[in-house]
There are 2 protein chains.
Amino acid sequence: MGSAEGIPVTGGFLEQLELAERREDLQSVAEALRDRFKVDHLVYHWVSANGEQYGCGTYDPVWVERYLEKGYLRIDPVIQGCFQRFHPVDWKRLDWSSKAARAFQWDAIAHGVGNQGYSIPIRGPNGQFALFTVNHSCDDEAWAEFTALTRRDMILIAHYFNQKALELEPGRRPEPAQPLSPREIEAMTLLAVGYSRAQVAETLSISEHTLRVYIESARFKLGAMNTTHAVARALSRGLIVV
Amino acid sequence: MGSAEGIPVTGGFLEQLELAERREDLQSVAEALRDRFKVDHLVYHWVSANGEQYGCGTYDPVWVERYLEKGYLRIDPVIQGCFQRFHPVDWKRLDWSSKAARAFQWDAIAHGVGNQGYSIPIRGPNGQFALFTVNHSCDDEAWAEFTALTRRDMILIAHYFNQKALELEPGRRPEPAQPLSPREIEAMTLLAVGYSRAQVAETLSISEHTLRVYIESARFKLGAMNTTHAVARALSRGLIVV
DNA sequence: TTCCAACTCCCCAGAAATGGTGAGGCGCCG
DNA sequence: CGGCGCCTCACCATTTCTGGGGAGTTGGAA
């Protein structure tokens, strides 16, 4: 297993990433980086529960298929853990205690995923969330050394991967992220913290009818089917904060 | 104006950042970096819609005060522009066309802010959003050269600044999240993407009565008053992903 | 083995949310 | 000036959610 000797990958790979013009380019850069760092896998994974997945990397396609099919997205401790953090995290520091998580881990290793891993959460506009992961099979000590040396490289690589993915994926960005009006934001925020419509109306000192107009308006702007959906979207797009 | 000669700041500053234990440390690291890079200003700014501001950097306190007081947060094109992007952006590429933006720019320069700037958006869990900015007074060519050389340093520095800010700000508590059962997670997730109770029940192939038990159970575990609240909590605690 | 958490099913009645339609005032921008 | 978005208010009928009961199976943990 190699390393960048503490010196970030200035020459070559990041430039390749920056110049990538197609999805396939990202894929081949991932493979090149895997070989360069001498690890088992290197994966960029755009996380979204609504079915639209996108990723590129060196995992066995069988595993990727299985992951999606089995709904591992919902129980993968890497997802769970990274979603709540800002900084990169070593897989050992995640919570693997639940039954589902253990079964998942077993299955993953059986499909060629390394026992060691390091994942970097990445967030973009509109609540976009992605993961950049590097993993390998080795003992704890070797892995600790590897991550210590390549940590910063990984952050930069993750950054550029996401940047390119955002550029190359046209499907994601359009969604003009229609902003909510101040009143709508207030309404959504109060709903998100558990107030009923009546309580929200009282808090905002407006009639419940007026409040309804806001909620409907927000629902429309967010393309939501009901209030719960609207609040969920507003939250995950970062339009409101609880 | 200096530069890192294309080699990221491996020795010294990032370590200082990682070792910082108090807010004041971040402040002094910012000053040291400003001197090292020979720019006018270097600022980390935590942007939050609910009024709570936090920042550290080398701006004149008078300017910071004025910025807050005048509500520039709402019209600052840097905020507007970065909020919708993922990658770092040169101030020249922002939209300064509105009257308010021009007035703001004029005021900023009058308070010692450089005419050139480079800002990096940073996002964390729960919709956290921050900016890392470096700015200077010089001509376009010199600035282009500077940004080309230090771009990657800036990304890493921004990353570590935010990491430290998240650690040092007690505002975000761990919030011991009682885990949801697999069925509860499925139910919450489907509700979060807009399904009605009836639809969720059908999707999960269970009776609506059973579904209700899950929702109530999840609501109880999450300490939520209603379904919308429960979904919002599950989302912001990272228990479900949409 | 005993116990508990998770999963499944059922009834009823009251509370809350939603859909459709309509209307007036205010402020900003071209 | 006219249009557009925002804020405010109202009624009606229908659908959906919530809170109060109770009950049986399973599989893993103590």
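Small disclaimer: the values here were computed from a predicted structure and weren't measured.

**Q** Kindly report on empty space enclosed by the protein, identifying the contributing residues and their values.
**A** This structure, assessed with the given rule, holds two cavities of 30 Å³ or more. Approximately 260 Å³ is the volume attributed to the largest cavity. Lining of the largest cavity is provided by 16 residues; of these, Phe86 and His159 of chain A together with Phe86, Ile122 and His159 of chain B occupy positions nearest its centre. Secondary structure elements with two or more residues in the lining of the largest cavity: β4 (116-123) and α6 (140-168) of chain A together with β4 (116-123) and α6 (140-168) of chain B.

**Q** A description of helix α9 (residues 208-222) of chain A should follow, citing residues and the corresponding values.
**A** All names here are of chain A. Compared with an ideal rise of 1.5 Å per residue, which puts 15 residues at 21 Å, α9 spans 21 Å between its outermost C-alpha atoms and is within 8% of the ideal. Taken together, the buried positions of α9 are Leu211, Ile215, Ala218 and Leu222. Seen end-on, α9 carries its buried residues on one side only, within an arc spanning 65°. The exposed set on the far side of α9, more than 90 degrees from its buried face, consists of His209, Val213 and Phe220.

**Q** So what about the confidence of the model for chain A? Which residues, and what values?
**A** Detailed reading of predicted coordinates is not advised where the pLDDT is low. All names here are of chain A. Per-residue confidence for chain A gives a mean pLDDT of 87, with 90% of residues at or over 70. Averaged pLDDT values over the elements of chain A bottom out at 75 in helix α1 (residues 13-19) and peak at 97 in β4. Segment residues 1-7: pLDDT under 50, and 20 contacts once partners within four positions in sequence are set aside and those in other chains are kept.

**Q** Break down the protein's contact with DNA strand D for me, citing the residues and quoting the values.
**A** Near DNA strand D, the surroundings consist of 18 residues, among which Tyr214 of chain A together with Arg197, Arg212, Arg219 and Thr227 of chain B are the closest. Of everything in DNA strand D that lies within 4 Å of the protein, sugar and phosphate atoms constitute 62%. Measuring from a phosphate oxygen of DNA strand D, one finds a backbone N or O atom of Ser207 of chain A at 2.6 Å. Elements supplying a minimum of two residues to the surface near DNA strand D: α7 (182-192) and α9 of chain A together with α9 (208-222) of chain B.

Cut-offs applied
Residues numbered from 1 in each chain as written. Chains lettered and ligands numbered in written order. Predicted model: local features only at pLDDT ≥ 70, side-chain atom pairs only at ≥ 80, totals over all residues. Heavy atoms only, no water. 1 Å grid on protein atoms, 1.4 Å probe; cavity = no way out; pocket = protein on both sides within 12 Å on 5 of 7 lines; lining within 4 Å. Points joined across faces, edges and corners; volume = space filled by probe spheres on them. Helix = DSSP H or I, 4+ residues; strand = E, 2+ residues; numbered from the N terminus. Expected span 1.5 Å × (residues − 1). Buried < 20%, exposed > 50% of the residue type's maximum accessible area, 1.4 Å probe, protein only. Arc of directions from axis to C-beta. pLDDT = per-residue confidence, 0-100. Contact = heavy atoms within 4.5 Å. Near = heavy atom within 4 Å. Polar contact = N/O pair within 3.5 Å; in protein donor to acceptor, adjacent residues only side chain to side chain.

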